[in-house]
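Residue strings, one per chain:
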Amino acid sequence: MGCGREVTRSMSHVDICPLLLGTTLPIGSSHAFITLSKENTLALVQIDESNTMHVRCTPLHGNCIAVGTHTPSHTLLYLTIPPYTNTNDLGALQLTDPDTFATLATLPLKLTEYPTAVTAGPLYQLPEPAGVEAFYVVGTSFILPTENEPSSGRLLVVRVVGRGAERRLQVVTEQMLAGGCLAVAISRGKIVAGVGSELQVYDFDPSSLSLTQLCSEVGSILITHLSVDDARGTVAVGDIHHSVSIFALSLEALCGRQLAKLEFSSCESVRRHVTALTRVGAAREEVLVGDVNGNLAVMREVKEDEFDKSNPQKRLEVCEWFHLDDQVNQFVCVPAEASNASTASATSMASEVNTAQEAASGVTFDVMFCTVSGRIGLVGAMSDAEYALLRSVEEAIEKVGKTMGGEA
């Protein structure tokens, strides 16, 4: 890879055994990340300069499936669903203060409606105005026992109003969907949603407080993950069956109208059950994917002239992969952390080259992952020269040492 090689570093287990990583939140001069445990406990974890973890926990009411962060209001929004589907309990959005873990507001949803995706960011119309407002965007699904997949859902734009202990949730607008929304993202002021098998783009009008669908594209079976790259205007789509696809998203304003266009760019040729998806690399041009078989794969688009000039399509190729032997269920981008030879312990990616990793300086760890077994780790990038050094040491060790299990 031109921009560097990917490695991971495991961190020590915390007592709560986190099973789902939520997001990161700026607190003072540092950052904290939010995890959820199998005991349905929300934990705010901060790591100091000595790599010591500081954990604060609070029990949740209902099963929490996702957490969103709204930095301007300094709040968390966690999506809760009833513990059993055959009850009259309602799914809800719960606004929380990360400093005190006090529940500031609870917004119940409709009967059989479950919140399934959340993001936060500024919504606006092009050209980008000054002082844009950031919102929570929540995707929901109506879960019916007679349906194998949700046939309807909603897209909610929610504002945080008030200050201090008076902060509350206000639904600004909603949009009915012809399918469940399992993934949602924001790109240049527009909402990108995965609704069933369809990728949809919505415009939010701040004057009329309404949502308008600008474009859509069908190229998946069931979209579960989205990752946008505003610099290149692309959307990476994780599918539960069709692996990863890349779509080019063009946005512009013409004669007062908001226009958007989605075009298929590339996809992986093999079937992969995607469990997590994000961007990595110095230029954030590679896609980091976790699948149901416990693999981590780094993918990048390969230009057509590298294969066949007569074929106009690009190709999404796996350029690196590692079998983590543990299913990753969430990636979160965190503030860049340089490697420290005295504290780093590479017990996941290339665990047999700890000595060589100490010699590799300048490795930047800026993606955190969490697995279904409660393992937390970091993924970072190194230069090609450093990767070549570690790889040569790894190959030398393989020649003289036995692999786990005694296999050749």
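Now for a description of the structure that goes with this document. (Residues numbered from 1 in each chain as written. Predicted model: local features only at pLDDT ≥ 70, side-chain atom pairs only at ≥ 80, totals over all residues. Heavy atoms only, no water.)

## A word on the side chain of aspartate 239
And then number 1: Its place among the elements puts aspartate 239 in strand β19 (residues 234–239).
And then number 2: Despite being buried, aspartate 239 has no salt bridge partner; arginine 271 is the closest side chain of opposite charge, sitting 7.4 Å away.
And then number 3: In this structure the side chain of aspartate 239 is engaged in a polar contact, spanning 2.6 Å, whose partner is the backbone nitrogen of histidine 241.
And then number 4: At a separation of 2.8 Å, a polar atom in the side chain of aspartate 239 contacts the main-chain amide nitrogen of histidine 242.
And then number 5: When residues no more than four places from it in sequence are discounted, the contact partners of aspartate 239 are Ser220, Ile221, Leu222, Ile223, Thr224, Arg272 and Val274. (Helix = DSSP H or I, 4+ residues; strand = E, 2+ residues; numbered from the N terminus. Buried < 20%, exposed > 50% of the residue type's maximum accessible area, 1.4 Å probe, protein only. Lys, Arg positive; Asp, Glu negative; His and termini not counted. Salt bridge = Lys/Arg side-chain N within 4 Å of Asp/Glu carboxyl O. Polar contact = N/O pair within 3.5 Å; in protein donor to acceptor, adjacent residues only side chain to side chain. Contact = heavy atoms within 4.5 Å.)

## Considering the sheet that holds strand β10 (residues 113–122)
And then number 1: Taken in spatial order, the four strands line up as β10-β11-β12-β13 in an open sheet, and their pairing is antiparallel. At either end of the open sheet lies a strand with only one pairing partner, and these are β10 and β13 (168–177). Going across the sheet, the axis of each strand differs from the next one's by a mean of 25 degrees, ignoring polarity.
And then number 2: Of the strand pairs in this sheet, strand β11 (residues 134–142) and strand β12 (residues 153–161) are connected by four bridges, and their pairing is antiparallel. In the strand pairing of β12, tyrosine 136 is matched with valine 158. (Pairing = 2+ DSSP bridges. Axes fitted to C-alpha atoms, helices over the stretch in contact; angles between N-to-C directions.)

## Some remarks on the pairing of strand β15 (residues 190–195)
In regular strands, side chains alternate between the two faces of the sheet.
And then number 1: Across the six residues of β15, six count as buried, placing the element largely inside the fold.
And then number 2: Residues Lys190, Val192 and Gly194 line one face of β15 and the alternating positions Ile191, Ala193 and Val195 line the opposite face, and both faces are buried.
And then number 3: Bridge analysis of strand β14 (residues 181–187) against β15 gives six bridges, and the strand direction is antiparallel. When the bridges of β15 are listed, alanine 185 appears paired with valine 192.
And then number 4: Between β14 and β15, which follow one another and run antiparallel, lie two residues, and arginine 188 among them has a positive phi close to 50 degrees.

## Some remarks on the environment of valine 184
And then number 1: Mapped onto the fold, valine 184 is located in strand β14.
And then number 2: Residue class for valine 184 comes out buried when judged on its relative accessible area of 10%.
And then number 3: A C-alpha to C-alpha distance of 6.6 Å links valine 184 and leucine 226, two positions 42 residues apart in sequence.
And then number 4: Those residues in contact with valine 184 that sit more than four places away from it in its chain are Ala117, Val118, Thr119, Val137, Leu155, Ile191, Val192, Ala193 and Leu226.

## Thoughts on the sheet that holds strand β9 (residues 103–108)
The strands making up a sheet associate through backbone hydrogen bonding, with each pair oriented either parallel or antiparallel.
And then number 1: If you walk across this open sheet you meet the four strands as β6-β7-β8-β9, and the pairing is antiparallel. Each end of this open sheet is capped by a strand with a single partner; those strands are β6 (63–70) and β9. On average, each strand axis in the sheet is tilted by 20 degrees relative to the strand beside it, whichever way the strands run.

## Points about the side chain of serine 73
And then number 1: Within the element layout of this structure, serine 73 appears in the loop between β6 and β7 (75–81).
And then number 2: Taking relative accessible area as the criterion, serine 73 reaches 14% and is therefore assigned buried.
And then number 3: Within the local environment of serine 73, its side chain forms a polar contact with the side chain of histidine 70, the two groups lying 2.6 Å apart.
And then number 4: Residues contacting serine 73, with those up to four places away along its chain left out, are Val160 and Arg167.

## Description of the pairing of strand β27 (residues 364–371)
And then number 1: Burial runs high along β27: seven of the eight residues are buried.
And then number 2: Counted between consecutive antiparallel strands, the loop separating β27 from strand β28 (residues 376–382) contains four residues, among which glycine 374 sits at a positive phi close to 95 degrees.

## Some thoughts on the pattern of salt bridges
And then number 1: On inspection of all chains with the given rule, the structure shows 15 salt bridges.
And then number 2: One salt bridge in this structure joins glutamate 133 and arginine 159, with 2.7 Å as the shortest N-O distance. Remark: arginine 159 occurs in strand β12 and glutamate 133 occurs in the loop between β10 and β11; sequence separation between them is 26 residues.
And then number 3: Residue classification places glutamate 133 among the partly exposed residues on the basis of a relative accessible area of 34%.
And then number 4: In this structure arginine 159 comes out as buried when scored by relative accessible area, which is 19%.

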